[in-house]
Amino acid sequence: MAAQDSALVAVRDTLSRLGKHRGLAAGAARLRTTQVDIGPLLALRVVQDRAFRDGLPPDQVVLEVVREVADRLDPTDRLIADAALALGLLRAEPPAGIELDRLYAPDLGARREYLTVHWRVLHESLGATTIPTPPTVRTLRATPERRAFGALAALLTDEAQAADDPRASAEAGRPRIGTVTVIGAAVIDHQYITDHIPTAGGRPARGRFEEHLGGKGLNRAVAAARLGFEVRLITAIGDDPAGQRILRYLRREGVDVDLVKVVAGEPTPVAAVIMTSEGAIATIGGADQSVCLMPQDLNKPAARQAITDADAVLLTFEQPIPVIQQAMRLLRTADAPWLLVQPTPPIDAPQYVYEYLRRVDYLIGSSQELGGLLTDPADGQDTAAQLLALGVDTVCTVEGLECRATSDADSVLHVGRFAAAQLRESIGARAAFMAALARRLVLGEGRADHEAFRWATAAMAATQSLGDIPEAMPDPAEIDRIVGFSPR
């Protein structure tokens, strides 16, 4: 038997024995006291990596890993594994009419019986398009349970995880140009596409509503992955179906999610985005910071390594100021990665980051975003000049799908709008610009030149979308195509 087959069988058998011993309803503490040998689970690479990332013993992270992986199973196997192991996957969003205390009862027989009786309702709650014939308790305990445990074991073992998702397999075989670590947010965007941006006392706006994945961190991670980088995203999400949706999407895009913090018992943040058909944009961010990173999250060995060993770090101001400070503090060494920063959303006390601006290689944002960093703007003095005086290496004023890059008083590069740019603005423009500029920096031999800024500006024209923002992020071929048409 091959080593991988042996590991799969050992994991499958361990899961089966845990199901017979009250499952995992008692949580991680149960795993540390159970009579079942959980060694095969603790030895899994995915568990070892999570333990290293969180700075915890493997037995304290294994339950979280099993739950996350089980949530990727097809609906039937997911329900069977969930009930057999009492994982509690449905607790975040309980289906109507389902008594979760009975579905996750201490006795395995009771869990099996409840699952078979409510088979159809439970499948429908997961959006299953095909619902198998309901099994009996006797038939459930044979082939269906064994198949579900086998599928879960296959996902938990190392090689099977890479082969599980066709897009992930394709990403794994694609040559990588370097590594990028993104620190920002991943949220659910509520998008309102309207005829105008409403104002207090003004006429009501008319339009339509859409829901998409978003967040500046998520958008930049996807943009960098599509441009050929190996990408790690450091962010926080809630322990709910929306958070799981974000994780599944990032995995499909080839983004490493091992450093995504899942906050137990909290919903994933939601942001509102209002845009007109011409590209004017207004946003409303969440004020609740119950789901966010903390400075100690960046101090964990895996996070520190991801930041300091990357070829480039892309940073937004979506996380609390202490986290922004800690990220910049880790990048103070002379051989640190390229650091590209977009100072948005605005922070109340930007002076708290002034001492770190000397480490910023490229500060990227609109005139309003860049001006928000100045607590005492000098009359008649250019915003970029004041930011350069604070220590920033290069200031990129990016708006209207064009770029003005300033590195000193005598070095100002301007790239106008490309012929493909038809909208006034695009909400994904600065994400694409930042990722594209990082690609040129990593592949180049020094600071960005005019051609690098030209290529990054062309990337913005590729993101003109009134819908799914991360899906609009371009690949290199699309940017090259737009570069073929000169800027206006």
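The structure this text deals with has already been given above.
**Describing the overall build of the protein**
Then comes step 1: Scanning the protein for helices and strands turns up 23 helices and 14 strands.
Then comes step 2: A buried classification covers 52% of the 488 residues belonging to the protein.
Then comes step 3: Within the protein, contacts between residues separated by at least 24 positions form 69% of all contacts whose residues are at least 6 apart in sequence.
Then comes step 4: Split by element, the accessible area of the protein, about 21,100 Å² in all, is 50% carbon and sulfur.

**Quick look at the environment of Leu79**
Then comes step 1: Following the sequence through the fold, Leu79 ends up in helix H6 (residues 75-85).
Then comes step 2: Take Leu79: its relative accessible area is 3%, and that puts it in the buried class.
Then comes step 3: A C-alpha to C-alpha distance of 10.0 Å links Leu79 and Leu103, two positions 24 residues apart in sequence.
Then comes step 4: Not counting the four nearest positions on each side in its chain, Leu79 is found in contact with Leu90, Leu115, Leu122, His123 and Leu126.

**Quick notes on the pairing of strand S9 (residues 312-316)**
Then comes step 1: S9 sits mainly inside the fold: 5 of its 5 residues count as buried.
Then comes step 2: In S9, alternate side chains face the same way, and those of Ala312, Leu314 and Thr316 on one face and Val313 and Leu315 on the other are all buried.
Then comes step 3: Sheet topology note: the strand S1 (residues 178-183)/S9 ladder contains 4 bridges and is parallel. Residue Val180 lies in a different strand from S9, and its bridge partner there is Ala312.
Then comes step 4: For S9 and strand S10 (residues 338-342), the ladder comprises 5 bridges, and the chain directions are parallel. Of the residues in S10, the one forming a bridge with Leu314 is Leu340.

**Considering the nonpolar core**
Then comes step 1: Membership of the largest hydrophobic core comes to 63 residues, with the highest contact counts inside it found for Leu340, Tyr362, Ile364, Phe433, Leu437 and Phe453.
Then comes step 2: The element best represented in this core is helix H21 (residues 429-443), accounting for 11 residues.
Then comes step 3: With sequence-adjacent residues up to four places away left out, Phe453 is seen in contact with Tyr362, Thr394, Cys396, Cys403, Ala405, Leu413, Val415, Phe433, Leu437 and Ala448.

**Re helix H11 (residues 143-156)**
Then comes step 1: Taking 1.5 Å per residue as the helical rise, H11 with its 14 residues ought to reach 20 Å, and the 20 Å between its terminal C-alpha atoms agrees with that figure.
Then comes step 2: Those residues of H11 that fall on the buried side of the exposure criterion are Pro144, Glu145, Ala148, Phe149, Gly150, Leu152, Ala153, Leu155 and Leu156.

**Some words on the state of the cysteines**
Then comes step 1: Enumeration according to the criterion identifies 0 disulfides in this entry.
Then comes step 2: Just so you know, Cys396 is unpaired, no disulfide at all, and the nearest cysteine sulfur is the one on Cys403, 5.1 Å from it.
Then comes step 3: A residue is classified by how much of its surface remains accessible, and Cys396, at 0% relative accessible area, is buried.
Then comes step 4: Take Cys403: its relative accessible area is 1%, and that puts it in the buried class.

The rules behind each value
Residues numbered from 1 in each chain as written. Predicted model: local features only at pLDDT ≥ 70, side-chain atom pairs only at ≥ 80, totals over all residues. Heavy atoms only, no water. Helix = DSSP H or I, 4+ residues; strand = E, 2+ residues; numbered from the N terminus. Buried < 20%, exposed > 50% of the residue type's maximum accessible area, 1.4 Å probe, protein only. Contact = heavy atoms within 4.5 Å. Areas by Shrake-Rupley, 256 points an atom, 1.4 Å probe, with all protein chains shown as cover. Pairing = 2+ DSSP bridges. Core = buried A, V, L, I, M, F, W, Y, C linked by side-chain atoms within 4.5 Å. Expected span 1.5 Å × (residues − 1). Disulfide = S-S within 2.5 Å.

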